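Topology and contacts: notes
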Amino acid sequence: GLSNLVIVHSTGVYSHCISWCQCPGADKNRHLHLLKARLFLASITCPQSAFTFNVLDHFLIDALECKTSAMSLYQK
């Protein structure tokens, strides 16, 4: 089926329509499909938003070096 997914990346916030794999024998765990695509979900049970590993790496460096909060990083 199709669902809308909000993706947060270091270049902005994007909304994408995702077509989930319906192949016979395909893994039904949607969070695993997205992790393989280097996306970390805000929720495992009902994925509606995800963060790229790139933005998470950027946040980690900012948080460690500058004590930047998530909200401050988002407002940059």
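The structure this text deals with has already been given above.
Predicted model only: the values in this text are computed from it and were never measured. (Residues numbered from 1 in each chain as written. Predicted model: local features only at pLDDT ≥ 70, side-chain atom pairs only at ≥ 80, totals over all residues. Heavy atoms only, no water.)

Points about the pairing of strand 4 (residues 49-52)
Consecutive residues of a regular strand have side chains that alternate between opposite faces of the sheet. Taking every second residue as pointing to the same face, the buried face of strand 4 carries Ala50 and Thr52, while none of Ser49 and Phe51 on the other face is buried. As paired elements, strand 1 (residues 2-9) and strand 4 share three bridges and run parallel to each other. Bridged to Val6 within strand 4 is Ser49. Here strand 3 (residues 39-41) pairs with strand 4 via three bridges, running antiparallel. Bridge assignment links Phe40 to a residue of strand 4, and that residue is Phe51. (Buried < 20%, exposed > 50% of the residue type's maximum accessible area, 1.4 Å probe, protein only. Helix = DSSP H or I, 4+ residues; strand = E, 2+ residues; numbered from the N terminus. Pairing = 2+ DSSP bridges.)

A word on a nonpolar patch on the surface
Together, Leu32, Leu35, Phe40, Phe51 and Leu56 make up a nonpolar patch on the protein surface, roughly 380 Å² of accessible area in all. The topology assignment puts Phe40 in strand 3. Since its relative accessible area comes to 45%, Phe40 is described here as partly exposed. (Patch = residues over 30% accessible without salt bridge, like charges linked within 9 Å, V, L, I, M, F, W, Y side chains within 5 Å. Areas by Shrake-Rupley, 256 points an atom, 1.4 Å probe, with all protein chains shown as cover. Salt bridge = Lys/Arg side-chain N within 4 Å of Asp/Glu carboxyl O.)

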